[in-house]
Amino acid sequence: MKEESQIKQEREQDWRVSLRNGMKAKDRIAIPRVQMPERDARIRSTNNEEVNLGLTETQAMTEAQRCLDCAKPTCMDGCPVGVNIPTFIKYIEVGNFPAAARTLKQTSALPAVCGRVCPQEKQCEAHCIHLKMKSTAVSIGNLERFAADYERNSGCISVPEVAASKGIKVAAVGSGPAGLSFAGDMAKLGYDVSVFEALHEIGGVLKYGIPVFRLPNEIVDVEIDNLRSMGVKFVKNCIVGKTITIDDLKADGFKGVFVASGAGLPRFMNIPGENLAGVMSSNEYLTRVNLMNAASATSDTPVYTGKKVAVIGGGNTAMDSVRTARRLGAERAMIVYRRSEEEMPARREEIHHAKAEGIDFLTLRNPIAYQGDEKGRVTHMQLQVMELGEADASGRRAPREIPGKTECIEVDEVIVSVGVSPNPLIPQSVSGLDVSKWGTIVVDESSMQSSIPMIFAGGDIVRGGATVILAMGDGRRAAKSMNEWLSKK
Amino acid sequence: MNKIISKEIFSENVVQFEVEAPLIAKAHRAGHFVIVRVGEQGERMPLTIASSDVQKGSINLVVQKVGVSSAKLCALNAGDYITDLVGPLGKATHIENFGTVLCACGGVGTAPMLPIVRALKKAGNRVITVLAARSKTLIILEKQMREHSDEVIIMTDDGSYGTKGLVTNGIESVLQRESVDFCVTVGPAIMMKFVGQLTQKYRIPTVASLNTIMVDGTGMCGACRVTVDKKTKFVCVDGPEFDAHQVDFDEMIMRLNAYKDLERGAMQRFAEQPEQDRPAM
Ligand SMILES: Cc1cc2nc3c(=O)[nH]c(=O)nc-3n(C[C@H](O)[C@H](O)[C@H](O)COP(=O)(O)OP(=O)(O)OC[C@H]3O[C@@H](n4cnc5c(N)ncnc54)[C@H](O)[C@@H]3O)c2cc1C
Ligand SMILES: Cc1cc2nc3c(=O)[nH]c(=O)nc-3n(C[C@H](O)[C@H](O)[C@H](O)COP(=O)(O)OP(=O)(O)OC[C@H]3O[C@@H](n4cnc5c(N)ncnc54)[C@H](O)[C@@H]3O)c2cc1C
Ligand code: SF4
Ligand code: SF4
Ligand code: FES
């Protein structure tokens, strides 16, 4: 994160001052928010092309004009990594796109990813001054995506400078956003970094979870190649705690380990019929389709292509599953969620996109049982109708059953997407590691250091289910403090 | 990428591979398995580690050809590379000197049973192995089983080899003549179900090694879930071995059949267009 004084100083540069004064705030606010162009919903719901098409240069520069370049940029308080928002947006306004991309890279390791998947309406954009003036927030996410895409498409991605080698080995366990951003920062500092990944693909949830119509694989691959060119080594098919232990790493000369093994354990609801054939976790469904390419005719991995598919849950994972089912030919693709649409944790944009693609939203409904045919294939789901009561601890109104009110709906595939638990492999395989009762690794919040000094941790394994940007921020903080800790030794 | 050091053909449909995998060899205990993937469009397929050699840094896999993925693997030769190989996975088998142990296997369970038989023998047990198949040509690994068992009983459905009858007939013949302390069974779910029912009647503690459908093999997807003692368990991390008297085999059979039609389709494609579908090497 940048110093406040530096951000101020940048704001006082001549070009910024004259740009700011060149247009009245009133006129800036009067510009309507630029809409992200998207593929036609009828066509896109039958293919895997990215839904959002990206802003054109003119659109981006117009949207950038809306930003008031605030003296107190409250938007930055909403960004977990403190992206220097006004500076990068003002670079876009003057058409200096490479400088905008460079500004983003100072704080965010994966701007092309975050611009696409951050829940902006709850983070940066929720704090934009425009909202206080009854206007719509500046599209910070869309602009971030624009700048990062511009840099990537220009073909001259700046590989960050790498300090002289320190000859010190450090490891990241897991190659999701937390592990990748840790690796990038440590490589910049001159460490010899190895990233160990259990699966046969690098990228964590960015690859096996989030579908390509929302986050194309090439974007993640470019970032991974970038890290490779900075000297980061990737070891696939290696499960730390099984193939090798942290003690093995230590014996092998590794001085610090950052555990970023994510939240990989799917939760089920333990209701009758949940083990029928055709009922599966969203992890299984998305892994088959995204990691194993199961929808392709050349893939050996099979996947169901149900015609009446119900997805249980209201988060991003649920939206991704239901939209995938639609793309695989579901005639009726349903979201079943026990609260109302307002309480859904998914990104607003994904809910809008899902609706445009013809997804049925069965809200205030909770499954209580599944029935199957004589072959054990699911055929029906029994739903309990709910209503909203008082607000609970999370501030959301708690759903409660309306006694006796149930519904029976025909289904031939059910995808359970009611959350995940932390991956237990590392916590189980390291003795003396402090673990919470939820199975997350306990760390010092500012340094990300665990109860074992050489082990740091971050991302979903520490937070339970969180977001890409929070995981990334953890990786960066862990890199900073591991460097300090190793330098003191 | 893991190099195949050598290949030994046990029979038309059964092959043993020695594969370079130094880290897995070091971490391996009896009962562990690996997940392999052949080719960039390959499926992730679980296989039991038959044995390992820490000095050579290698593991042995015994593979029976049943569908596309196993056929693609069996088509590889010494010097070829397996695209992906990860492990060791699952919990190690609990091996001790029980006394007299009955090992009942058949079909797809014969290959994964071999290392268990070997480990039990090494621990000092008297090992009686019942090897079952539909007919003579489908009896595999007989020689290897004989090497590590005190007695091998062969059962065929059609009586073309050994004794005519089912695996349970073979087991019962032993139970009627001597006392058995422990039983292990690996094979088609329906077979394990009946073995469990029989040994329960005789009150013999019995372990079944479950071969459910798997995707990741690390506890991430839940494809491998089974109900044991009314609780949902993940075979890849909680197993693969469970108390055969507590497993809900009917549910397991149902779930195993879930992808049958899709698998048949894949096999047909593989058979019709072998060249195009073959993994790039
Ligand atoms: C379908 C889906 C959609 C989502 N959509 C969004 C979204 O739109 N916006 C958003 O901000 N967030 C979203 N999230 C959440 C976000 O993806 C996660 O919070 C984030 O990926 C967590 O990052 P991580 O690095 O902690 O872990 P992960 O991305 O989970 O990566 C962990 C990696 O570690 C590997 N691993 C685990 N154990 C071991 C081991 N023992 N040895 C070696 N490797 C190991 C795993 O295989 C995995 O690759 C979504 C999640 C899912 C599942
Ligand atoms: C923990 C574990 C360890 C295993 N160890 C070994 C081993 O050491 N050697 C070995 O040869 N195999 C082993 N298997 C089984 C092996 O993984 C499967 O045979 C393989 O995945 C089949 O893939 P395929 O694409 O070739 O066949 P598919 O196309 O998937 O299947 C073809 C047909 O074979 C039958 N079949 C496939 N898999 C199974 C199964 N798991 N149980 C019962 N019937 C099945 C079905 O009738 C199916 O329709 C193991 C399985 C598990 C879960
Ligand atoms: S990283 Fe995410 S929260 Fe931060 S500015 Fe970018 S889109 Fe907003
Ligand atoms: S709060 Fe809104 S207007 Fe102000 S600097 Fe941030 S994005 Fe621009
Ligand atoms: S195979 Fe995925 S959880 Fe067991």
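Residues numbered from 1 in each chain as written. Chains lettered and ligands numbered in written order. Predicted model: local features only at pLDDT ≥ 70, side-chain atom pairs only at ≥ 80, totals over all residues. Heavy atoms only, no water.

Quick look at the packing of aromatic side chains
Tallied over the entire structure, the rule returns nine aromatic pairs over all chains. Among the aromatic residues, those joined into a ring-pair cluster are Phe97(A), Phe146(A) and Tyr150(A). Between Lys355(A) and the ring centre of Phe361(A), over which it is positioned, the NZ or CZ distance is 5.1 Å. The positively charged end of Lys136(B) is found above the aromatic ring belonging to Tyr161(B), 5.2 Å away from the centroid. (Phe/Tyr/Trp six-rings, centres within 6.5 Å; stacked < 30°, edge-to-face > 60°. Lys NZ or Arg CZ within 6 Å of the ring centre and 35° of its normal.)

A word on the site of ligand 4
Residue and element names in this part refer to chain A. Lining the immediate environment of ligand 4, one finds Cys67, Leu68, Cys70, Thr74, Cys75, Cys128, Ile129, His130 and Ile140. Here ligand 4 occupies the second largest cavity. The residue makeup of the shell around ligand 4, split by class, is seven nonpolar, two polar and no charged. (Near = heavy atom within 4 Å. 1 Å grid on protein atoms, 1.4 Å probe; cavity = no way out; pocket = protein on both sides within 12 Å on 5 of 7 lines; lining within 4 Å. Sits in = over half its atoms within 2 Å of the grid points. Nonpolar A, V, L, I, M, F, W, Y, C, P; charged D, E, K, R; others polar.)

Quick notes on the interface of chain B and chain A
Counting from both sides, the interface comprises 38 residues of chain B and, opposite them, 40 residues of chain A. Carbon and sulfur atoms make up 53% of the area that chain B and chain A hide from each other, which totals about 3400 Å². Together, Gln41(B), Met220(B) and Tyr259(B) form the three largest contributors to the area buried by chain B at its contact with chain A, with a combined 21%. Taken together, chain B and chain A are joined by one salt bridge. Between Asp300(A) and Lys72(B) there is a salt bridge, with the nearest N and O atoms lying 2.8 Å from each other. (Contact = heavy atoms within 4.5 Å. Buried area = accessible area lost by both parts, 1.4 Å probe. Salt bridge = Lys/Arg side-chain N within 4 Å of Asp/Glu carboxyl O.)

Quick look at empty space enclosed by the protein
Per the stated rule, a full pass over the model turns up five cavities of 30 Å³ or more. Taken as a whole, the largest cavity encloses approximately 130 Å³ of empty space. Along its surface, the largest cavity is lined by 17 residues, and Ile213(B), Ala223(B), Arg255(B), Ala258(B) and Tyr259(B) are the ones closest to its centre. Among the secondary structure elements, those contributing two or more residues to the lining of the largest cavity are β6 (279-281) and α15 (282-291) of chain A together with α8 (249-256) of chain B. It is α8(B) that contributes the most residues to the lining of the largest cavity, three residues altogether. A breakdown of the residues in the lining of the largest cavity according to their chemical character gives 11 nonpolar, two polar and four charged. (Points joined across faces, edges and corners; volume = space filled by probe spheres on them. Helix = DSSP H or I, 4+ residues; strand = E, 2+ residues; numbered from the N terminus.)

Some points on the pattern of salt bridges
All names here are of chain B. Taken as a whole and assessed by the stated rule, the structure comprises 51 salt bridges over all chains. Residues glutamate 178 and arginine 126 are paired through a salt bridge, measuring 2.8 Å at the closest nitrogen-oxygen approach. Placement of glutamate 178 in the loop between α5 (167-177) and β12 (182-186) and of arginine 126 in strand β9 (residues 126-133) is noted, with a sequence separation of 52 residues between them. Its relative accessible area of 32% is what places arginine 126 among the partly exposed residues. Across the salt bridge formed by arginine 146 and glutamate 142, the nearest N and O atoms sit 2.9 Å from each other. (Buried < 20%, exposed > 50% of the residue type's maximum accessible area, 1.4 Å probe, protein only.)

Details of the confidence of the model for chain B
Residue and element names in this part refer to chain B. Confidence in the prediction for chain B averages 90 pLDDT; 93% of positions are at 70 or higher. Below pLDDT 50 for its whole length, residues 273-281 participates in nine contacts with residues either more than four positions away or in separate chains. Both scores are given for the predicted complex: the pTM is 0.92, the ipTM 0.90. (pLDDT = per-residue confidence, 0-100.)

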